[in-house]
Amino acid sequence: MTVSEYIHGHSFIHRTPPGLKILILAVLGTLLFVFPNMIFAAASLAIIVMLYPLAGISPKVMLAQIKPILTILVLLFLVQLFMVNWQSGVLVIVRLSALMLTASLITLTTRSSDMIDALEKRLAWLYFIGINPAKISLALSLALRFIPVLAAITQEVREAQKARGLNNSVIAVAIPVIVRTLKMADSIAMALEARAYDPQSPYRAKKSSKKETSDVD
């Protein structure tokens, strides 16, 4: 079982429309950072944790979503501890954990194709201003999908550097993570290009058709 892999199920969370799930994530993320309140953050985290068993996802899988970013959470806590106070550090950890678990729950209960379709439908109005919503929906769905993947990469790098005695060095962990992330992004771009993925909006298709007709005339 890998981090963020889709888990087939029939729970109400699986049946919830992908567009609604993404909207909830966006609203929750906004509220968590607009209103830095510990009670609200803790309540949000508690609700998210309770949703995992309701979706038929085991505690082991849930913890696997958080494990890769434990080092980052600890570093953020220490930064807040020395620069502000321990309450601020705890708040940062709770907020990020809530967002991480929410994003992971969405990817665990939603197929990538369904997320892309939902985003494209919600962004259909962009056609009228000449923007292709298909490309935007793909970018957003990839970003959502690869949040847990990036966390897994961070965990792998941390474990590798720990074996070398460099686990306490932020630079030793950060640089390989950045390099692997850029390589992954390049591989994805090459895969999309190899599949000739370049959806054209009706707006641009219409303009192109008119131009070709004009040229023929």
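Counting starts from 1 at the beginning of each chain's written sequence and moves along it residue by residue. The predicted origin of the model limits local features to residues at a pLDDT of at least 70 and limits the giving and counting of side-chain atom pairs to 80 or more, whereas totals for whole chains, interfaces and linings rest on all residues. Each side-chain value is worked out from all heavy atoms of the structure, with water and hydrogens disregarded.

**Things to note about the environment of Val 79**
In this text, helices come from DSSP runs of H or I with a minimum length of four residues, and strands from runs of E with a minimum of two, each type numbered from the N-terminal end. Position of Val 79 among the secondary structure elements: in helix 5 (residues 70–83). C-alpha separation for the pair Val 79 and Gly 89, spaced ten residues apart in sequence, amounts to 7.6 Å.

**Side note on helix 6 (residues 86–109)**
A helix is expected to reach a length of 1.5 Å times the quantity of its residues less one. The terminal C-alpha atoms of helix 6 lie 34 Å apart, and with 24 residues this matches the ideal 34 Å at 1.5 Å per residue to within 8%. Here the term buried applies to any residue with accessible area under 20% of the maximum for its type, exposed to any over 50%, and partly exposed to those in between, with areas from a 1.4 Å probe on protein chains only. Of all 24 residues in helix 6, 19 are buried; the element is thus mostly enclosed. Contacts described as polar in this section are N or O atom pairs within 3.5 Å, which, within protein, must combine one atom able to donate a hydrogen with one able to accept it, while residues neighboring in sequence count only if both atoms come from side chains. Sitting at the amino-terminal end of helix 6 is Asn 85, which places a side-chain oxygen 3.2 Å from the backbone nitrogen of Gln 87.

**Focus: the nonpolar core**
With 30 residues, the main nonpolar core has Tyr 52, Ile 57 and Leu 101 as its most contacted residues. Secondary structure elements with two or more residues in this core: helix 2 (18–34), helix 3 (38–54), helix 4 (59–66), helix 6 and helix 7 (112–122). Aside from chain neighbours lying at most four places away, what touches Tyr 52 is Ile 57, Met 62, Gln 65, Leu 101, Ser 104, Leu 105 and Leu 108. In this description, a nonpolar core means a group of buried Ala, Val, Leu, Ile, Met, Phe, Trp, Tyr and Cys residues linked to one another through side-chain atoms lying within 4.5 Å. Membership of the second largest hydrophobic core comes to six residues, among which are Val 149, Ile 153, Val 157 and Val 173. Whether two residues touch is decided by their heavy atoms; if any such pair falls within 4.5 Å, the residues are in contact.

**With respect to the side chain of His 14**
Structurally, His 14 can be placed in helix 1 (residues 12–15). For His 14, a relative accessible area of 12% gives the class buried. In this structure the side chain of His 14 is engaged in a polar contact, spanning 2.7 Å, whose partner is the side chain of Ser 11.

**Quick look at a nonpolar patch on the surface**
Here, patches come from residues exposed beyond 30% relative accessible area and free of salt bridges, joined within 9 Å for like charges and within 5 Å for nonpolar side chains (Val, Leu, Ile, Met, Phe, Trp, Tyr). In this description, accessible areas are obtained by the Shrake-Rupley approach with a 1.4 Å probe, and a residue is regarded as covered only by the protein chains that are shown. Note on definitions: salt bridges are taken to be side-chain nitrogens of Lys or Arg within 4 Å of carboxyl oxygens of Asp or Glu. A contiguous nonpolar patch, built from Val 74, Leu 75, Leu 78, Val 79, Leu 81, Phe 82, Met 83, Val 84 and Trp 86 and spanning about 910 Å² of accessible area, is present on the exposed surface. Counting residues per element, the nonpolar patch draws most heavily on helix 5, which supplies seven residues. Topologically, Leu 75 is positioned in helix 5.

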